[in-house]
Amino acid sequence: MDFATATQGEHYVTALIEDHETTCWGCGLRLLVPPYAPAFKCFWCGAITNQNAVKIENKNFKWRRLRDRCFVGVLVVFMLIVIGGGVWAICPIVFSISYFCGSIHSSIAVVLSISTLSTFGLAAFRSAGTPPDILWGSYPAVKKGELENFTFCQYCSKPKLPRAHHCRSCGMCILDMDHHCPIIGNCVGAANHRSFIIFLISAIISTIYVSIMSVYAAFYFWPPLSHKPIHFFNGAVGQKLLLRTLKDVLFAFLESTLFVPARGLVLVYLFIASVSIQISLSVLLWQQFCFIYEGKTYLSHISTSEGDETTEKDCQNLIQFFGCPSTTTRFLPIYFSSRKKHKK
Ligand SMILES: [Zn+2]
Ligand SMILES: [Zn+2]
Ligand SMILES: [Zn+2]
């Protein structure tokens, strides 16, 4: 017997002697496992037990929830200010052009405001994806393979579905969790992912509309820029002329702001705010579309290493995302067809 075989033999004997009995959290069966195995999978129900796991308290959960809700409140106030400011500064101008023009723009503003606020409300206040109640902890009530790849959430003290993640800010496990979003103060998961995407689209269209209308309306308010006489530029050529012209235009613009009425300043603010918001939301939306196209969530994207791809990049993923009546049933058809009560 060579050294390697001897080592293997010893290892095998040691394992046999030291195997100890432990309980599967899923079906409650007593199983023999090596003590050094950090985790094991039950041969009956398929649940994964982590031997070193200890109960974790969800500390500061209430403070995180309060912080999220306060931020959502601030955002709602901000959205109402943008809507109110826009109506106050733009309405007199569009109605001064014609009553028909005013009515058209008012209707567009009402539709965009309602769609943005309602989809924001759905994404922020709807549960992101509550895991269904599942029967666990008692054999033979738990059928063979029923808890395949389920783990145990040490925060919730409940079974955690293979595609669920625990969010410490929401204090619960979320189905198909994408990320915890500070904008909506809620998780983006199976139940509100579509509302979140529609909110982003609606907010981007609204901010584009606000920025175009604020520029258009500003032309009516802005006093004419003072021009330097042409001899001021005599002798200047090339780069020098360009710099002088830019400097002149900038000074004339700053000078004119002193005579701009309050409505004009509101329009400047609306323009800057709407453009910066639309840029950041567009980046977020593009990233979301890329993940949906790849058939992933943000969390599954960061946890999947290269060459470990299980989903296919396909436009069908995007169609399915928007076409299916419920994203929850799209991802988890079996759990919703067999809801059971927890008996432990
Ligand atoms: Zn089991
Ligand atoms: Zn949990
Ligand atoms: Zn969350």
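Computed from a predicted structure; not experimentally measured. (Residues numbered from 1 in each chain as written. Chains lettered and ligands numbered in written order. Predicted model: local features only at pLDDT ≥ 70, side-chain atom pairs only at ≥ 80, totals over all residues.)

A few points about the overall build of the chain
Counted only if it meets this: A run of DSSP states H or I qualifies as a helix once it reaches four residues; a run of E qualifies as a strand once it reaches two. Both are numbered from the N-terminal end. As a rule, residues whose C-beta atom has 12 or fewer other C-beta atoms within 10 Å are exposed, those with 20 or more are buried, and those in between are partly exposed; C-beta atoms are placed from the backbone. Contact between residues is assigned whenever the C-beta positions, reconstructed from backbone atoms, fall within 7 Å.
Counting its secondary structure elements, the chain contains 10 helices and 10 strands. A total of 344 residues make up the chain; the buried ones form 26% of that total. For the chain, the proportion of contacts with a sequence separation of at least 24, taken over those separated by at least 6, is 63%.

Concerning the nonpolar core
Threshold: By definition, a nonpolar core groups buried Ala, Val, Leu, Ile, Met, Phe, Trp, Tyr and Cys residues that connect through C-beta atoms lying within 7 Å of each other.
Core analysis: the largest hydrophobic core is formed by 38 residues, its most contacted members being Cys27, Cys45, Ala47, Ile174, Cys187 and Phe196. In this structure Phe196 touches Ala123, Ile184 and Val188, once residues within four positions along its chain are discounted. In terms of nonpolar packing, the next biggest core, distinct from the first, is built from 12 residues, Val94, Met213, Leu267 and Leu270 among them.

Concerning the packing of helix H2 (residues 61–97) against helix H3 (residues 99–125)
For the record, the criterion: Note on geometry: axes are C-alpha line fits, over the in-contact stretch for helices, and angles between N-to-C directions span 0 to 180 degrees. To sort the angles, those under 35 degrees are grouped as roughly parallel, those over 145 as roughly antiparallel, those from 65 to 115 as roughly perpendicular, and the leftovers as oblique. Residues are grouped as follows: nonpolar covers Ala, Val, Leu, Ile, Met, Phe, Trp, Tyr, Cys and Pro; charged covers Asp, Glu, Lys and Arg; every other residue, Gly included, is treated as polar.
Interaxial distance between H2 and H3 falls to 9 Å at its minimum, and their mutual angle equals 170°. When the axis of H2 is compared with that of H3, the two are roughly antiparallel. In this structure, H2 contributes Val72, Met79, Ile83, Gly86, Val87, Cys91, Val94, Phe95 and Ile97 to the contact, and H3 contributes Tyr99, Cys101, Gly102, His105, Ser106, Ala109, Ser113, Thr116, Leu117 and Ala124. A class-by-class count of the residues in the contact of H2 with H3 yields 13 nonpolar, six polar and no charged.

Section: the confidence of the model for the chain
Definition in use: The quantity called pLDDT is the predictor's confidence in a given residue, expressed from 0 to 100.
In this model, the chain carries a mean pLDDT of 81, and residues with pLDDT of at least 70 account for 83%. Between residues 1–15, whose pLDDT stays under 50, and residues either more than four places distant or in other chains, the model counts two contacts. Note on residues 326–344: pLDDT is under 50 here. Beyond four places in sequence and across chains, it has 38 contacts.

Concerning the UniProt feature "transmembrane region" (unreviewed entry) in the chain
Note the threshold: UniProt positions are given in the numbering used here, feature names are shortened, and annotations may be inferred rather than shown by experiment.
Following the UniProt record, the feature "transmembrane region" (unreviewed entry) maps to residues 70–98, 104–125, 196–222 and 266–286 here. What you have in residues 70–98 is 97% helix and 0% strand, and the ends, taken at the C-alpha atoms, are 41 Å apart. The span residues 266–286 is 100% helical and 0% strand by assignment, and the distance between its end C-alpha atoms comes to 30 Å.

Regarding the environment of Lys160
Tracing the backbone shows Lys160 in strand E6 (residues 158–160). Take Lys160: there are 20 C-beta atoms within 10 Å of it, and that puts it in the buried class. Put simply, Lys160 and Ala47 are 113 residues apart on the chain and 9.7 Å apart in space, counted from C-alpha to C-alpha. When neighbours within four sequence positions are excluded, Lys160 is seen to be in contact with Phe150, Thr151, Phe152, Cys153, His166 and Cys173.

Details of the pairing of strand E1 (residues 20–23)
Applied cut-off: Paired strands, as defined in this entry, are two strands with at least two bridges between them according to DSSP.
Sheet topology note: the E1/strand E2 (residues 30–33) ladder contains four bridges and is antiparallel. From the neighbouring strand, Glu21 faces E2, where its bridge partner is Leu32. The hairpin formed by E1 and E2 contains six residues between the paired strands, and Gly28 there has a positive phi angle of roughly 80°.

Regarding the pairing of strand E7 (residues 164–167)
Of the strand pairs in this sheet, E7 and strand E8 (residues 172–175) are connected by four bridges, and their pairing is antiparallel. Its bridge partner being in E8, His165 is matched across the sheet by Ile174. In textbook terms, the turn of a hairpin is the stretch between consecutive antiparallel strands, and for E7 and E8 this stretch comprises four residues, one of which, Gly171, has a positive phi near 70°.

With respect to unusual backbone geometry
Despite not being glycine, Asn149 shows a phi value in the positive range, around 60°. Relative to the helices and strands, Asn149 resides in the loop between H3 and strand E5 (151–153). Taking the number of C-beta atoms within 10 Å as the measure of exposure, Asn149 has 13 and is therefore partly exposed.

Thoughts on the environment of Val110
Structurally, Val110 can be placed in helix H3. Sequence spacing of Val110 and Val87 is 23 residues, and the spatial spacing of their C-alpha atoms is 10.0 Å.

Overview of H2
Worth spelling out the cut-off: To estimate how far a helix should extend, the number of its residues minus one is multiplied by 1.5 Å.
When the terminal C-alpha atoms of H2 are compared, their 53 Å separation across 37 residues agrees well with the 54 Å that a helix rising 1.5 Å per residue should span. Among the residues making up H2, those that are buried are Asp68, Val82, Gly86, Ala89, Ile90, Ile93 and Val94.

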